[in-house]
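Residue-level listing of the chains:
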Amino acid sequence: MFLPLAFLNGDAKSFFGPVNISLFLSFLKIGAILYGSGYVLFAFLDSELVAHGVISRQQLIDAIAIGQFTPGPVFSSVTFIGFQVNGISGAVISTIGIFLPSFVFVALLSPLLKKMRSNKLFTTFLNAVNVASIALILVVCYQLGRDSISGWQTILIAVCSAIILFRFKQVNSAFIIVGGAVVGYLLLLV
Amino acid sequence: MHNTPGSLTPKDHKSNLKDIARLFLKLGITAFGGPAAHIAMMRHEVVVKRQWLSEQHFLDLIGATNLIPGPNSTEMAIHIGQERGGWRGLLIAGFCFIMPAVIITGCLAWLYRSYGQLPQVQPFVYGIKPAIIAVILAAIYPLAKKSIQSVELGIIGIVCLVLCFLGYSEVVILFGAGFAALGWAWLLSA
């Protein structure tokens, strides 16, 4: 009685089993249609996974936090979720699913972009999109400031970092970020 | 072997691919702070330090990757790889940028399943965020100067900024800006 059930369970969670296939398709869909920031990703995963009981909301909150404090793409949250649902194979499948569309899109867009840059109408369009993109990044900056600047310590770190970066253009920003982490840690001890 | 000056020999091509791998592995490990910070760091590496792309070309890639769905900074990495090393560069850049985050996240996911909670990182993140703001601002300033090529584009930029603060979605703002510029050009010519 137990044996077939255990077998079935093992089968469902195997590499090409239904659990992984549904993980793959969910993340493929998100990777292919999601615009914008991590906040949108949260809302998306909330309705896609938490609402269907695939993961708990706490797991989602922790996954997003991990994506944000690890280096590299924020979408690595998805690796974390895949692992919680179905171990290493779930993590691998989910990661492939979420990033695959990006590779395809850029491969398609790149030759197109070169051709269209010589088209006057498209150039007008792209120039405006570029300005809009810069505006979006500025707003991200404002939101970061609103969330993190509180008290003289954080202001000091932001101002000193900015002075260094604007004065010495060759400074690697990774040093600034690590420096910020260390100085912040020390200032918290004071 | 006979090569005209300026054309890439297979050897050059190979060293190009190695450079791409090295750069994006480095960014994958050191790029903290979300897409806007990643783009700031990529600009420093690709435009300032290595001069693989001009400021305008980099700006165009930002605009173009914003127009397609998916994670912007990962798509920037893939795009830069493609510009520099063809389809091999495309795959290598994307893979190298994503991999470190995925491995770190995978390890954290495994720890999380064993211990049920995340490591305490708050004291370290405290100083990182203000530093990231400075990094983004330092990169965005020259890009903003480059992108605002006319009074019209300046006005579009301000309107985008306001709409973004009012909470309009990114897709609406990006495409809206593009079509507004087209409409403007059409009105002027009519």
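Residue indices follow the written sequence of each chain, beginning from 1 at its first position. Following the order in which they are written, the chains are lettered starting with A and the ligands numbered starting with 1. Reporting of local features is limited, given that this is a predicted model, to residues whose pLDDT is at least 70; pairs of side-chain atoms are given and counted only at 80 or more, and all residues count toward the totals for whole chains, interfaces and linings. With hydrogens and water stripped out, all remaining heavy atoms of the structure feed into the side-chain values.

Participant: Break down the overall build of chain B for me, with residues and values.
Facilitator: Of regular secondary structure, chain B possesses seven helices and zero strands. What counts as a helix is a DSSP run of H or I of at least four residues, what counts as a strand is a run of E of at least two, and both are numbered from the N terminus. Helices and strands appear in chain B in the N-to-C order α-α-α-α-α-α-α. Principal axes of the C-alpha set define a box for chain B whose edges measure 65 × 60 × 25 Å. Note on contacts: a residue pair qualifies if any of its non-hydrogen atoms lie within 4.5 Å across the two residues. Across chain B, the fraction of contacts at a sequence separation of at least 24, relative to all contacts at a separation of at least 6, is 57%. We get accessible surface area from the Shrake-Rupley algorithm with a probe of 1.4 Å; when it comes to residues, only the shown protein chains can shield them. Element-wise, carbon and sulfur atoms account for 67% of the exposed surface of chain B, whose accessible area totals about 9,200 Å². A positive count includes Lys and Arg, and a negative count includes Asp and Glu. His and the chain ends are not counted in either. Positions of charges follow a simple convention, taking NZ of Lys, CZ of Arg, CG of Asp or CD of Glu. Measuring between centres, the 14 positive side-chain charges of chain B sit 12 Å from its 9 negative side-chain charges.

Participant: Go over the nonpolar core, please, and point to the residues and values.
Facilitator: Think of a nonpolar core as a cluster: buried Ala, Val, Leu, Ile, Met, Phe, Trp, Tyr and Cys residues, connected wherever their side-chain atoms sit within 4.5 Å. A simple rule labels every residue: compare its accessible area, found with a 1.4 Å probe on the protein chains alone, to the largest value its type can have, and call it buried under 20%, exposed over 50%, or partly exposed in between. Among the nonpolar cores identified, the biggest contains 107 residues, and Phe27(A), Leu45(A), Ile81(A), Phe24(B), Met42(B), Phe58(B) and Ile80(B) are the most heavily contacted of them. The greatest single-element share of this core, amounting to 14 residues, is contributed by helix α6 (residues 120-148) of chain A. All the domain ranges listed were derived from an automatic or database domain assignment. Split by domain, the residues of this core number at least three in each of domain 1 (9-148) and domain 2 (149-190) of chain A. Apart from the residues within four sequence positions on either side, Phe58(B) is in contact with Ile39(B), Met42(B), Arg43(B), Val47(B), Leu53(B), Met76(B), Ile80(B) and Leu143(B).

Participant: Account for the interface of chain A and chain B, naming residues and giving values.
Facilitator: The partner chain B presents 92 residues to the 83 residues of chain A that form the contact. By buried area we mean how much accessible surface two parts lose on assembly, using a 1.4 Å probe and totalling the loss over both. Interface of chain A and chain B: buried area, both sides summed, is about 8,000 Å²; carbon and sulfur atoms make up 79% of it. By definition here, a salt bridge exists when the distance from a side-chain nitrogen of Lys or Arg to a carboxyl oxygen of Asp or Glu is within 4 Å. Here chain A and chain B share two salt bridges between them. Taking the shortest distance from any N to any O, the salt bridge between Arg117(A) and Asp60(B) comes out at 2.5 Å. Whenever two N or O atoms come within 3.5 Å, that pair is a polar contact, provided that in protein one can donate a hydrogen and the other can accept it, and provided that, for residues adjacent in sequence, both atoms are side-chain atoms. Run the count over chain A and chain B and you get 17 residue pairs in polar contact (both at pLDDT 80 or more). Put simply, the parts of the chain that give the side of chain A that touches chain B at least two residues each are α2 (18-33), α4 (57-69), α5 (77-116), α6, α7 (151-167) and α8 (173-189) of chain A. For the side of chain A that touches chain B, the leading source of residues is α6(A), giving 23 residues.

Participant: Talk me through the packing of aromatic side chains; I want residue IDs and the actual numbers.
Facilitator: The pairing test for Phe, Tyr and Trp rings, Trp by its six-membered ring, is centres within 6.5 Å, and the orientation test on the planes gives stacked under 30 degrees, edge-to-face over 60, and tilted for anything in between. As enumerated under the stated definition, the model contains eight aromatic pairs over all chains in all. Plain terms: the ring middles of Phe75(A) and Phe99(A) are 6.5 Å apart, the flat faces sit at 40 degrees to each other, and that makes the pair tilted. Highlighted residues: Phe75(A) in the loop between α4 and α5 and Phe99(A) in helix α5, separated in sequence by 24 residues. You'll find Phe75(A) and Phe99(A) in the same group, each marked buried. Members of the aromatic cluster, connected to one another through ring pairs, are Phe122(A), Phe125(A), Phe175(B) and Phe179(B).

Participant: Give me the lowdown on empty space enclosed by the protein, citing residues and values where you can.
Facilitator: In this analysis the probe radius is 1.4 Å and the grid spacing 1 Å, with only protein atoms considered; a cavity is a set of points the probe fits into but cannot get out of, a pocket is an open set with protein on both sides within 12 Å along at least five of seven lines, and lining residues have an atom within 4 Å of a point. Grid points are joined across faces, edges and corners, and a volume is the space filled by probe spheres set on the points. Under the definition given, this model contains two cavities of 30 Å³ or more. Its boundaries defined by the atoms lining it, the second largest cavity holds a volume of some 40 Å³. Considering the residues around the second largest cavity, the lining is formed by Ile137(A), Ala36(B), Ile39(B), Ala40(B), Ile136(B), Ala139(B), Ile140(B) and Leu143(B). Counting only elements with at least two residues in the lining of the second largest cavity, the list comes to α2 (34-49) and α5 (122-147) of chain B. The greatest single-element share of the lining of the second largest cavity, amounting to four residues, is contributed by α5(B). Class assignment of the residues belonging to the lining of the second largest cavity gives a composition of eight nonpolar, no polar and no charged. Each residue gets one of three labels, nonpolar for Ala, Val, Leu, Ile, Met, Phe, Trp, Tyr, Cys and Pro, charged for Asp, Glu, Lys and Arg, and polar for the others, Gly among them.

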